Amino acid sequence: MDAGKIKSALTDVTAEQDPTIKSLKMASLCSALWAERGVELVVVGGSAIEILTEGAYASGDLDMCHATNASLPMRERQEIMGLLGAKGGPRNWQVAGMFVDVLGPVESFARTPFRRVRAPYGDVLLMKPEDLLVERVLVSVYPGENPTARGCAKKLAAMILDGSIPVDWTEVRRVANLPEYRNIAECVKLVEEVADELKIKSPLHSD
Amino acid sequence: MNSKSKVPCIPIEGSISYEDWLKGRRHRRELGNRVAPEILRRQSSSSDRRLKKLFHGQRGLPFTPTKKLL
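Definitions and limits used
Within any chain, residue numbers begin from 1 and follow the written order of that chain's sequence. Each chain takes a letter, starting from A, and each ligand takes a number, starting from 1, following the order in which they are written. Residue-level local features of this predicted model are given only where pLDDT is at least 70; pairs of side-chain atoms are given and counted only at 80 or more, and the full residue set underlies all totals for whole chains, interfaces and linings. Computation of side-chain values: all heavy atoms of the structure, hydrogens and water removed. Secondary structure elements follow DSSP: runs of H or I no shorter than four residues count as helices, runs of E no shorter than two count as strands, and numbering proceeds from the N terminus. Each radius of gyration reported is based on C-alpha atoms, and the globular scaling rule is 2.2 Å times the count of residues to the power 0.38. For the accessible areas, the method is Shrake-Rupley and the probe is 1.4 Å, while residue cover comes only from the protein chains on display. Positive: Lys, Arg. Negative: Asp, Glu. His and the chain ends are not part of the count. A single reference atom marks each charge: NZ on Lys, CZ on Arg, CG on Asp, CD on Glu. The definitions used throughout rest on a 1 Å grid laid over the protein atoms alone, on which a cavity is an enclosed set of points accommodating a 1.4 Å probe that cannot get out and a pocket is an open set flanked by protein within 12 Å on both sides along at least five of seven lines; lining residues are those having an atom within 4 Å of a point. Grid points are joined across faces, edges and corners, and a volume is the space filled by probe spheres set on the points. Amino acids are sorted into nonpolar (Ala, Val, Leu, Ile, Met, Phe, Trp, Tyr, Cys and Pro), charged (Asp, Glu, Lys and Arg) and polar (every other residue, Gly among them). Contacts are residue-level and defined by heavy atoms, with any inter-residue pair within 4.5 Å sufficient. For any pair of parts, buried area is found by adding up, for both, the accessible area (1.4 Å probe) each one loses once the two are put together. Any Lys or Arg side-chain nitrogen found within 4 Å of a carboxyl oxygen on Asp or Glu counts as a salt bridge. Here the axes come from fitting lines to C-alpha atoms, over the contacting stretch only for helices, and the angles between their N-to-C directions go from 0 to 180 degrees. Any angle that is under 35 degrees is reported as roughly parallel, and any over 145 degrees as roughly antiparallel; angles of 65 to 115 degrees are reported as roughly perpendicular and all others as oblique. A strand pair is defined by DSSP finding two or more bridges across the two strands. Relative accessibility decides the category of a residue: with a 1.4 Å probe and only protein chains considered, values under 20% of the type maximum give buried, values over 50% give exposed, and everything between is partly exposed.

(A) Here's a closer look at the overall build of chain B. When helices and strands are tallied, chain B shows three helices and one strand. Tracing chain B from N to C terminus, the helices and strands come up as β-α-α-α. What you see for chain B is a C-alpha radius of gyration of 16 Å, clearly larger than the 11 Å of a compact globule of 70 residues, by over 25%. Projected onto the principal axes, the alpha-carbon positions of chain B cover approximately 45 × 25 × 20 Å. As displayed, chain B has an accessible area near 4,300 Å², and 52% of this comes from carbon and sulfur atoms. When the 17 positive and 6 negative side-chain charges of chain B are each reduced to one mean point, those points stand 8 Å apart.

Here you go:
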């Protein structure tokens, strides 16, 4: 991406006042610049859930991880983010009126692909909703009741049940049964609750 | 395309265009509002200091109202 394109993209992201679009555009810009150097970034956690669900959940920071095994050397990260006029580093930066965190290697258990949006400056990879659902259900219960995480999990479940975000339910069940989570019962309960509220049948069973 | 509505889905394989993602925003917001409170943004986190400094006491930009989404 040449300097002119970067400047134009940066002007666009800086002016953007919708927080979800701003995050998506920033993820697109960062992903494009990192991809030119061989590293694929993926939007994770609440930032990914926001782009997937419009859940009015995320705050003014964008969390990303690298999907490829290696990240970039610290010097190169600073140089890339310097192209965007970023302040700070080497893992979080203030840039274009928001914060960007690049946290390390992505932690994913589902065997499905990362979801992909063809965003204005390049493709944006999003964490797999199979992982996100199981993770958010876990956080809603452990270490204690967390109503925000529960609301987030319910919105994500609603999108999935409605078909707005198709998932592989076999993978949801498998991931929830992994030793890392062991929360299939809680997942089944939450998905059934949302299915009841939407008056549709839940496809998730514990067997 | 979502089988139950005219809204484009975010597919497992392949990708969704930016325009289609924009088109689905209102549907996704309204659907989520049926099962949980409209605004879920946390009141606090470990990033509060930097967020509130940048966003004038808030934790991020205000969300676009549902009726203004496509």
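More follows now that the structure is in view.
(B) Summary view of the layout of surface pockets. All names here are of chain A. By volume, the largest pocket amounts to about 310 Å³. Per element, the largest residue contribution to the lining of the largest pocket is three residues, and it comes from helix α3 (residues 45–53). Roughly 150 Å³ of volume is contained in the second largest pocket. Taken together, Val44, Gly45, Asp63, Cys65, Leu103, Val106, Glu107, Met127, Leu132 and Glu135 make up the full set of residues lining the second largest pocket. For the lining of the second largest pocket, the secondary structure elements donating two or more residues are β2 (61–66) and α5 (129–141). For the lining of the second largest pocket, the class distribution of residues is six nonpolar, one polar and three charged.

(C) Examining the interface of chain A and chain B more closely. With 52 residues of chain A at the interface, the matching set in chain B holds 42 residues. Interface area, chain A with chain B, both sides summed: about 4,100 Å², of which 60% is carbon and sulfur. Applying the counting criterion to the chain A and chain B interface returns five salt bridges. Where the side of chain A that touches chain B is concerned, the elements lending two or more residues are α2 (19–35), α3, β4 (92–95), β5 (98–105), β6 (115–119), α6 (147–162) and α8 (184–198) of chain A. Element by element, the count of residues in the side of chain A that touches chain B is highest for α6(A), at nine residues. Among the residues forming the side of chain A that touches chain B, the class breakdown is 23 nonpolar, 13 polar and 16 charged.

(D) Here's a closer look at the packing of α5(A) against α8(A). Residues and elements named next belong to chain A. Here α5 crosses α8 at 100°, and the two axes come no closer than 10 Å. Here α5 lies roughly perpendicular to α8, going by the angle between them. Counting all contacts with α5, which are made through Leu133, Val134, Val137 and Val141, the residues of α8 involved are Glu186, Cys187, Leu190 and Val191. Across the contact of α5 with α8, the residue classes break down as seven nonpolar, no polar and one charged.

(E) Up close: the environment of A:Gly82. Note that A:Gly82 resides in helix α4 (residues 74–83). Through-space distance from the C-alpha of A:Gly82 to that of A:Val134 is 36 Å; in sequence the pair is 52 residues apart.

(F) Local environment of the sheet that holds β6(A). Within the open sheet, the eight strands sit side by side as β3(A)-β4(A)-β5(A)-β2(A)-β1(A)-β7(A)-β6(A)-β1(B). Their pairing is mixed. For this open sheet the edge positions go to β3 (87–88) of chain A together with β1 (16–17) of chain B, each flanked by a neighbour on one side alone. Here two bridges tie strand β1 (residues 41–43) of chain A to strand β7 (residues 122–126) of chain A, and the two strands are oriented parallel to one another. Following the sheet pairing, A:Val43 is matched in β7(A) by A:Leu126.

(G) Region of interest: the pairing of β2(A). Residues and elements named next belong to chain A. Counting buried positions along β2 gives five out of six residues, so the element sits mostly inside the fold. With three bridges joining them, β1 and β2 adopt antiparallel strand pairing. Bridge pairing links valine 43 to methionine 64 in β2.

(H) Representation of the pattern of salt bridges. All names here are of chain A. Scanning the model with the defined rule gives 22 salt bridges over all chains in all. Of the charged contacts, one joins arginine 37 and glutamate 76 as a salt bridge, the two residues approaching to 3.9 Å between their closest N and O atoms. Highlighted residues: arginine 37 in the loop between α2 and β1 and glutamate 76 in helix α4, separated in sequence by 39 residues. When its relative accessible area of 32% is taken as the criterion, arginine 37 is described as partly exposed. With a closest N to O distance of 2.6 Å, arginine 150 and glutamate 193 form a salt bridge. Of this pair, arginine 150 sits in helix α6 while glutamate 193 sits in helix α8, and the two are 43 residues apart along the sequence.

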